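Coordinates in review
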Amino acid sequence: MANNLSSENSSLYSEDLAPIADSNRTWNTWNYAALWISMSLCIPTYMLSSSLIEGGMNWWQAILTIFLGNTIVLIPMILNGHAGAKYGIPFPVFARASFGTKGANIPALLRAIVACGWFGIQTWIGGFAIFQMMRLWIPSLETLPQIFPPSFGLQTGPAICFILFWLLNMFIVYLGVESIRKLLVFKAIFLPIAALALLFWAINAAHGLGPILETPSKFTNSTDFFHFFFPALTGMVGFWATLSLNIPDFTRYATSQKAQIRGQMLGLPTSMTLFAFVGVVVTSATAIVFGTTIWDPVVLAAKFESKALVSFAMIAVAISTLATNIAANIVSPANDFANFAPSRINFKTGGYITGIIGIFIFPWKLIADPSGYIFTWLVGYSSLLGPVGGIMIVDYYFIRKQRLLLNDLYDTKGIYSFSNGFNINAIVALIIGIIPNVPGFLTTIKVVDLDFFPSFIIGLYNYAWFVGFGISGLLYWILMKNKK
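Residues numbered from 1 in each chain as written. Predicted model: local features only at pLDDT ≥ 70, side-chain atom pairs only at ≥ 80, totals over all residues. Heavy atoms only, no water.

Attention shifts here to the overall build of the protein. Secondary structure assignment for the protein yields 23 helices and zero strands. Here the protein has a C-alpha radius of gyration of 23 Å; the compact-globule value for 484 residues is 23 Å, and the two agree. C-alpha atoms of the protein, sized along the principal axes, occupy 65 × 50 × 45 Å. Looking at the protein as a whole, 55% of its 484 residues qualify as buried. For the protein, the accessible surface area stands at approximately 20600 Å², while carbon and sulfur atoms represent 68% of it. (Helix = DSSP H or I, 4+ residues; strand = E, 2+ residues; numbered from the N terminus. Rg over C-alpha atoms; globule rule 2.2 N^0.38 Å. Buried < 20%, exposed > 50% of the residue type's maximum accessible area, 1.4 Å probe, protein only. Areas by Shrake-Rupley, 256 points an atom, 1.4 Å probe, with all protein chains shown as cover.)

Now the structure itself:
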């Protein structure tokens, strides 16, 4: 491949972006199943399920919503993964086929910004875990003078720990990602044990599963339930909307299509649902034991009486969160930023950019309550990524018929250069797919009043990923067909 590229096309080619040779594709079914098990076992997955309980669902309604959401997102995951397994190409290169050799930076940057948001959330979780430990040994940390404006919603003690944990993440970026491998092994061992320990505590504290499973739904009628259910389902789909785009980054190593398809089918819905079940049971138990629903596992762990136990748990949460954060939320956006301007931005600089953006999304506000986590964050970014997924899938399956010209994906004058490197049809379809969800997002974050837009327009936001996916995909198909 490299020998076919002229020097003028070097900006589109690097060893990281080159197709993976067949001899280097070693991932089998169990590798992909293990990948999803590892990625699913994280604190945000627990909070995903527990937020549904806090929002009013009973245990089976929450589990069903999570299972449906992950089964739905499995479809674009497998469809987009096909190109990676067939051609050995990563997501930014695959995006060139639909958006153009330069236009591919648009979906790459959208994905990168979302990953920055996840970095901020994970960093806040790790920093807050450190705070919960430190306040036991240094009680004055809770009563430090307030230095942030009330509108920030940020106390001084948690803010200090958040910044310290953020600096630790940036130090790991400085050292390079190789330094995180041992931490990933620790995470793979610790989190399943911690999940089982929490499950055992919940069953024991609530005197069996009976009281937990008998806890009723807070919704008194079907109208209230479905008003919560549909945006919650969209949030479940949105949880993995980023991976549903860049899954070729992983499937490019597949030994076969069957390996990536079976592995993802075995790993994604099952591991998410099983770990979510732990979150549902434990959160339901907190309502019985403490008289109030505690949906944040870090807050829950801090309620235990033993200082040593709490300290061990919080240190373990911080280490496992650090491992997840670097592997899942730094590597990808750092490479995306580097790919945008390779002569100016290297991996480390891209990592620092990710870290800075992660602070400015105010992650402590996003996960302060379930409505912010689901309706603002998960549903909000799904409205951006759904349209991208629709365009890429329509292009690959209905326009290209699963046939790509590899050399042209790396050629500034090839068929994927379109108009100066941009496919205008894809950009138009992307913008029009995003627009219908903007009113609902603006009312959700309270920038405009509910009466400012018609109610049916605002209601589209509850289905943000589906609306964007459908509109952009259909419009892109029409525009590209007419072009031919």
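Moving on, there is more to tell.
This paragraph deals with a nonpolar patch on the surface. On the surface, a cluster of nonpolar side chains totalling about 550 Å² of accessible area is made up of Phe 422, Ile 424, Val 428, Ile 431, Ile 432, Ile 435 and Ile 471. Counting residues per element, the nonpolar patch draws most heavily on helix H20 (residues 424–434), at four residues. Here Ile 432 is to be found in helix H20. For Ile 432, a relative accessible area of 38% puts it in the partly exposed group. (Patch = residues over 30% accessible without salt bridge, like charges linked within 9 Å, V, L, I, M, F, W, Y side chains within 5 Å. Salt bridge = Lys/Arg side-chain N within 4 Å of Asp/Glu carboxyl O.)

The tendency in soluble globular proteins is for nonpolar side chains to be buried side by side. Core analysis: the biggest nonpolar cluster contains 120 residues, and Trp 118, Trp 240, Tyr 373, Trp 377 and Leu 404 have the highest contact counts within it. Take this core: its biggest share by element is 13 residues, from helix H18 (residues 370–399). If we skip the residues at most four places from it in the chain, Trp 118 touches Pro 44, Phe 239, Asn 325, Asn 329, Tyr 373, Trp 377, Leu 378 and Tyr 381. Grouped together as the second largest cluster of nonpolar side chains are 10 residues, Phe 119, Trp 166, Ala 318 and Ile 330 included. (Core = buried A, V, L, I, M, F, W, Y, C linked by side-chain atoms within 4.5 Å. Contact = heavy atoms within 4.5 Å.)

Another aspect to go through is unusual backbone geometry. Although it is not a glycine, Phe 362 adopts a positive phi angle of roughly 55°. Looking at where Phe 362 falls in the secondary structure, it is placed in the loop between helix H16 (347–360) and helix H17 (363–366). The class of Phe 362 is partly exposed, set by a relative accessible area of 24%. With a phi close to 55°, Asn 420 is a non-glycine residue in the positive phi region. With respect to the helices and strands, Asn 420 occurs in the loop between helix H19 (406–409) and H20.

Enumeration according to the criterion identifies 35 aromatic pairs in this entry. Note on Trp 27 and Phe 250: the rings are 6.4 Å apart at their centroids and 50° apart in plane angle, and the pair reads as tilted. In this pair, Trp 27 sits in the segment before helix H1 (29–40) while Phe 250 sits in helix H11 (residues 248–251), placing the two residues 223 residues apart along the sequence. With a relative accessible area of 21%, Phe 250 lands in the partly exposed category. Joined through ring pairs, the aromatic side chains of Trp 124, Phe 128, Phe 131, Phe 148, Phe 152, Phe 162, Phe 362 and Trp 364 make up one cluster. For Arg 96, the ring lying beneath its charged end belongs to Tyr 410, and the centroid distance is 5.5 Å. Geometry around Phe 290 places Lys 303 over its ring, the cationic atom sitting 5.5 Å from the centre. (Phe/Tyr/Trp six-rings, centres within 6.5 Å; stacked < 30°, edge-to-face > 60°. Lys NZ or Arg CZ within 6 Å of the ring centre and 35° of its normal.)

Below, the discussion takes up the side chain of Thr 242. As for its position among the elements, Thr 242 is in helix H10 (residues 241–246). The class for Thr 242 is buried, based on a relative accessible area of 10%. Ignoring sequence-local partners within four residues, the contact set of Thr 242 consists of Arg 111, Val 114, Tyr 381 and Leu 385.

Taking 1.5 Å of rise per residue, the 33 residues of helix H5 (residues 105–137) would be expected to cover 48 Å, and the 48 Å separating its terminal C-alpha atoms lies within 8% of that figure. Most of H5 is tucked away: 27 of the 33 residues are buried. (Expected span 1.5 Å × (residues − 1).)

Okay, the environment of Pro 387 next. Its place among the elements puts Pro 387 in helix H18. Taking the C-alpha atoms as reference points, Pro 387 and Trp 465, separated by 78 residues in sequence, lie 7.4 Å from one another. The residues touching Pro 387, leaving out its near neighbours within four places in the chain, are Ser 382, Leu 430, Gly 433, Ile 434, Gly 468, Phe 469 and Ser 472.

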